[in-house]
Amino acid sequence: MANRAYLFSADLPDAWAFPEDRYYDSRWNIPLSWFFFYGLPDIKHVRVTFGESAWDELKLASDREAAIRRFEVRRPILEAAVGAGLPTGAIDALVNDVRGWQGRYLLLDPEEILDDEAEKDLDLLSLILQAIEMGGSDAVLEAARRFVYPFDDDPERCRDVVIGLTYW
């Protein structure tokens, strides 16, 4: 299994090749905050072909402006779940970055983190998004534990788990 997930913006809801700049990256987990941009209808089954082989992958896609509004409404749940472990301004920086990106759609490609068992992964992603929708921070953490590592006392490592990384 590979080990990366990507959050980025694109002009089309199915443009899964992430840009060379202006994206968030994660290693070995899907940052908790990324889920707060999406709802159940945003889970997409994408057919991938490579030579003679074909398979389905799960991805998330939403109108970027709608995703930002959704995130802002849900932000108190994220902050309650994370506590004070993040560096000051980390969530603001994420939202401001996403707000400043070009492209109509906000895309999350988690494929390298998923188990390649589409039904199991769909159930887990759905459970996380439902927990966020219901508004309970403890339920969110429980649902997300398969994809999100425990928070760390070190603010930088906590940021990696909650926000992800950027390279610009």
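Above this text is the structure in question.
All of the points below concern the structure found in this document. (Residues numbered from 1 in each chain as written. Predicted model: local features only at pLDDT ≥ 70, side-chain atom pairs only at ≥ 80, totals over all residues. Heavy atoms only, no water.)

Considering helix H5 (residues 137–144)
- What H5 keeps buried is the set Ser137, Val140, Ala143 and Ala144. With its buried residues spanning 125° around the axis, H5 presents them on a single face. (Buried < 20%, exposed > 50% of the residue type's maximum accessible area, 1.4 Å probe, protein only. Helix = DSSP H or I, 4+ residues; strand = E, 2+ residues; numbered from the N terminus. Arc of directions from axis to C-beta.)

So, the packing of helix H2 (residues 64–82) against H5
- The contact between H2 and H5 brings their axes to 8 Å, and the two run at 75°. Our classification of the angle between H2 and H5 gives roughly perpendicular. Touching Ile77, Ala80 and Ala81 of H2 are Ser137, Val140 and Leu141, all from H5.
- Of the residues in the contact of H2 with H5, the class split is five nonpolar, one polar and no charged. (Axes fitted to C-alpha atoms, helices over the stretch in contact; angles between N-to-C directions. Parallel < 35°, antiparallel > 145°, perpendicular 65-115°, else oblique. Contact = heavy atoms within 4.5 Å. Nonpolar A, V, L, I, M, F, W, Y, C, P; charged D, E, K, R; others polar.)

Here we look at the pattern of salt bridges
- Summed over the entire model, instances satisfying the criterion amount to 13 salt bridges.
- One salt-bridge network, in which partners are shared between bridges, spans Glu72, Arg75, Glu79, Asp92 and Arg99. (Salt bridge = Lys/Arg side-chain N within 4 Å of Asp/Glu carboxyl O.)

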